[in-house]
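Analysis of the macromolecular model
Read off the chains here:
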Amino acid sequence: MERTSRDSEMKEEEDVQAGVDIWKYVLGFAGIAVVKCAIELGIAEAIENHEGPMALSELSSTLGCVPFSLDRIMRFLVHHHFFKEEPTIQGTAGYVHTPLSRRLLRQGEDSMADYILLESSPVMLAPWHHLSSRVRVNGTAAFEAAYGGDIWKYAAANPAFSRLINDAMACDARLAVSAIIESCPKLFDTGIKTLVDVGGGNGTALGKFVKAFPWIEGINFDLPHVVSVAAKCEGVKQVGGDMFDSVPKADAVFIMVSVFSLN
Ligand SMILES: C[S@@+](CC[C@H](N)C(=O)[O-])C[C@H]1O[C@@H](n2cnc3c(N)ncnc32)[C@H](O)[C@@H]1O
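Residues numbered from 1 in each chain as written. Predicted model: local features only at pLDDT ≥ 70, side-chain atom pairs only at ≥ 80, totals over all residues. Heavy atoms only, no water.

**What about helix α12 (residues 159-183)?**
Given a rise of 1.5 Å per residue, 25 residues ought to cover 36 Å, and the 36 Å separating the end C-alpha atoms of α12 matches this to within 8%. All of the buried residues in α12 are F161, S162, I165, N166, A168, A170, C171, A173, R174, V177 and I181. Looking at the buried side of α12, the elements it contacts are α7 (113-119), α8 (122-125), α11 (151-157), α13 (204-212), α14 (224-227) and β6 (252-255). (Helix = DSSP H or I, 4+ residues; strand = E, 2+ residues; numbered from the N terminus. Expected span 1.5 Å × (residues − 1). Buried < 20%, exposed > 50% of the residue type's maximum accessible area, 1.4 Å probe, protein only. Contact = heavy atoms within 4.5 Å.)

**Looking at the UniProt feature "domain: O-methyltransferase C-terminal" (unreviewed entry) in the protein**
Under the local residue numbering, the UniProt record ascribes the feature "domain: O-methyltransferase C-terminal" (unreviewed entry) to residues 128-256. Secondary structure across residues 128-256 divides into 43% helix and 16% strand, with the first and last C-alpha atoms of the span separated by 23 Å. (UniProt positions renumbered as here; feature names shortened; annotations may be inferred.)

**Structural notes on the site of the ligand**
Neighbouring the ligand are 16 residues; G199, D222, M243, M256 and V257 lie closest to it. Contact distances for the ligand include 3.2 Å between an oxygen atom and a backbone N or O atom of M169. The contact in question runs from an oxygen atom of the ligand to an N or O atom on the side chain of D222, over 2.6 Å. In the complex, the protein chains occlude 97% of the 590 Å² of accessible area that the ligand would expose alone. Split by residue class, the shell around the ligand holds nine nonpolar, five polar and two charged. (Near = heavy atom within 4 Å. Polar contact = N/O pair within 3.5 Å; in protein donor to acceptor, adjacent residues only side chain to side chain. Areas by Shrake-Rupley, 256 points an atom, 1.4 Å probe, with all protein chains shown as cover. Nonpolar A, V, L, I, M, F, W, Y, C, P; charged D, E, K, R; others polar.)

See below:
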C-alpha cells in the first residue's frame, strides 16, 4: 500500500518535470538563435573593447540597439554563462566576459564564432528538417534531401557558403592542432620532412604545424575550389584534387574531420 502511494508520488513528480522539460524542445532553437544574434551584433567585441564592466545603456548605444530588446538578449546570455554582471564604477550593473563569451570573439585562437555562424546558417539548418527521411529504411542523406547533392558539390557552386565552411573548420583546426603540438611534439621529430593534410580546408592546420616544426614542408590538399581561394602561407603548398583519385606523396599524412566525406 505504502509502495503504491510512493509510486504515484514519483509519477506525479515525473509528470510535473515533463511539463517543464518539454518547453526546452518547443523553444530548443532559441539558444543557437541568440548566440548567432550576439555574434552578428558584435556584443563580445564591444565588451572586449570597453574598459571595465559595460552598462546596458553603453552597450546599446555602441551597437545601435534598442535597450529593451538588447536587455532580453543579454539576460538570456548571462543566464547561460555568456558574459556575467559586475558593478560599474557608478555602481550600476555592467557586463564583462566569461571564458564562454570569449569564444564568441571573431578573432583569437579560441574563437568558435565562425563555426557557430556556419551551423546556424539557413543552409546548414535546412537538412535538419530532413532528419526523419535519413533515418527511414532507404532514406536519403539529410543534406541531399534538402539540396539534391552532397555538401561539397553545394559548396563548390556557392563560394560564400564554401568560405563559411572553411572559416568554421579553421576554428576547429586551431584548437585541435594546438593541442596536438603541445601534447605530442615528438611525433613530428621522427624524420618527417613532408606532411600532407588531406581535406585540409584553407590550410590553417598545416600553417600551425609548419610554424611549430619549421623543418616540415606542408602540402595542403583539398578540392580545387577550396585551395584556389586559400590564403598563402609560408611553408605550405596548396594542391587541389580529389582524394578518391589520388593524394600527393609525403612522409606523413594528416587527416582530420574528413572521414565523414567518405560514403
Ligand atoms: C569537414 S572538412 C575538414 C577540414 C579540416 N580537415 C578540419 O578538420 O578542420 C572536410 C574537408 O574535406 C574536403 N573534401 C571533401 N571531399 C574531398 C575530396 N573528395 N577530396 C579532397 N578533399 C575533400 C572539403 O572540401 C573540406 O575542406
